[in-house]
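Residues per chain, in single letters:
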Amino acid sequence: MLNEMGGPPRRPLELRRTVNSAAGGARRLDWILICAVLGLCVMGALLVWAATLPGDGGDPMESTEHLTRHLAHMGVALVVGLAVASIDYRTVRAYAPLVYLFTLVGLVLVLTPLGAVINGSRGWIVVAGLQYQPSELMKVGLIMVLATLLAEPRDGETRPMSRDVLFCLLVLVAPLALVALQPDLGTALVLGAIFLGMLVLSGASVIWVTGMVACGALAVAAVWVFDLLEPYQMQRVATLMDPAADPQGAGYNSAQALIAVGSGGFEGTGLFQGEQTHGRFVPEQHTDFVFTVAGEELGFLGAVAVIALIATVLWRILRIARACDLPYPRMVCIGVATWFGFQSFVNIGMCLGVMPVTGIPLPFVSYGGTAILANMLALGLVLGVNSRDRGFE
């Protein structure tokens, strides 16, 4: 049958279905979550720009290069995250072992001559000037594999059994040991927190949960008693107990961070106007201590805005997890929420002097290519869960 012009028949119904399908997919996205993440990214770009502005006599191009790279990292990561969100989470789930093995191989390679030492930790692979940090992507791989193991109770059971927990422990031990060898205590703590958070909320036996907490406490005690920490790590813990003990040595970072945050007052000194930030008194301010820029230049209001956006991200992810009818997507969301929540707490806590200084970034805010890519990948996993029928397997 031909239309009036003699051409092939039109198919308005199929076109309408395609448009409606695309519109429906967009409506199923959690736009509050997306807007909160974009808000953090915008604030992060401004704070990184402010943190890298040169002091007196500095090169203004340095700040421009950092900002340009940061925006490029965010752009690429956002595209990758949205691409993951567009794929059925069941398809992504099938590749969980490959993602885990890929990142595990990366953790092995950083301990070889291919690895590069940056800030005292051999945690990067540098190729053609590009830096890649496998431990950041391991957080994604670990969540995917743990969710797979904890979401498949067998023999009619409704919760993970002992063999499932044991498999999860085996999955955790290898990356945990490799990260500890770098050494990267901060990332090791994040991996442990992800495991414990997912285990607790998976419905595993109280005996296993209590045992894991007890083992963690014993491990911390053993590290302290047998002096297994590096000297600089011991100094950081001692500084937490008494920040004023060595303000020019081990306690310098914490002392300067507190001065920067405290000098902002309620409204802040104004963006690009912070004396502590402009004078480069706080080390690594565009990465680990980026929250101090918000505290100084945007004041209490700006710092609360950052925390409120992070809280919104966690709230929406946990809301998605609660709405899931199936264990795997729910466990993915719980793992991502645990990761973002724990890492944000530690990062902001060390800027406020209530946590020891560890080299972990503030999600979606700190400068760092691999970190922002890992954050966006995790966001893509959560959005992929939310944009599909959660009651269908």
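Residues numbered from 1 in each chain as written. Predicted model: local features only at pLDDT ≥ 70, side-chain atom pairs only at ≥ 80, totals over all residues. Heavy atoms only, no water.

Quick look at the environment of isoleucine 259 now. Note that isoleucine 259 resides in helix H11 (residues 252-263). Owing to a relative accessible area of 42%, isoleucine 259 belongs among the partly exposed residues under this scheme. Taking the C-alpha atoms as reference points, isoleucine 259 and threonine 292, 33 residues apart in sequence, are found 8.9 Å from one another. (Helix = DSSP H or I, 4+ residues; strand = E, 2+ residues; numbered from the N terminus. Buried < 20%, exposed > 50% of the residue type's maximum accessible area, 1.4 Å probe, protein only.)

Its 19 residues give helix H7 (residues 162-180) an end-to-end C-alpha distance of 26 Å, which sits within 8% of 27 Å, the value for a rise of 1.5 Å per residue. If you check which residues of H7 are buried, you get Asp164, Val165, Cys168, Val171, Leu172, Pro175, Leu178 and Val179. (Expected span 1.5 Å × (residues − 1).)

A separate point is the packing of aromatic side chains. A complete count under the given rule lists 6 aromatic pairs for this structure. Ring geometry for phenylalanine 266 against phenylalanine 300: centres 5.8 Å apart, planes inclined by 20°, an arrangement best described as stacked. On the criterion of sequence distance, the pair formed by phenylalanine 266 in the loop between H11 and helix H12 (275-278) and phenylalanine 300 in helix H13 (residues 290-323) is long-range, its members being 34 residues apart. A centroid spacing of 5.0 Å and a plane angle of 50° characterise the contact between tryptophan 339 and phenylalanine 340, whose relative ring orientation is tilted. Taken individually, tryptophan 339 and phenylalanine 340 each receive the classification buried, so the pair is uniform in this respect. In textbook terms, an aromatic cluster arises when at least three aromatic residues are bridged by ring pairs, as seen for Trp339, Phe340 and Phe364. The aromatic ring of tryptophan 315 is capped on one face by arginine 316, whose charged end is 4.7 Å from the ring centroid. (Phe/Tyr/Trp six-rings, centres within 6.5 Å; stacked < 30°, edge-to-face > 60°. Lys NZ or Arg CZ within 6 Å of the ring centre and 35° of its normal.)

The subject of this paragraph is unusual backbone geometry. The omega torsion of the bond from glutamine 182 to proline 183 falls at -10°, within 30 degrees of zero and hence cis. When you line up the elements, proline 183 lands in the loop between H7 and helix H8 (185-201). Unusually for a residue other than glycine, phenylalanine 272 sits at a positive phi of about 70°. With respect to the helices, strands and loops of the structure, phenylalanine 272 is situated in the loop between H11 and H12. Its identity is not glycine, yet phenylalanine 364 carries a phi of approximately 70°, on the positive side. Looking at the secondary structure, you find phenylalanine 364 in the loop between helix H14 (327-351) and helix H15 (369-386).

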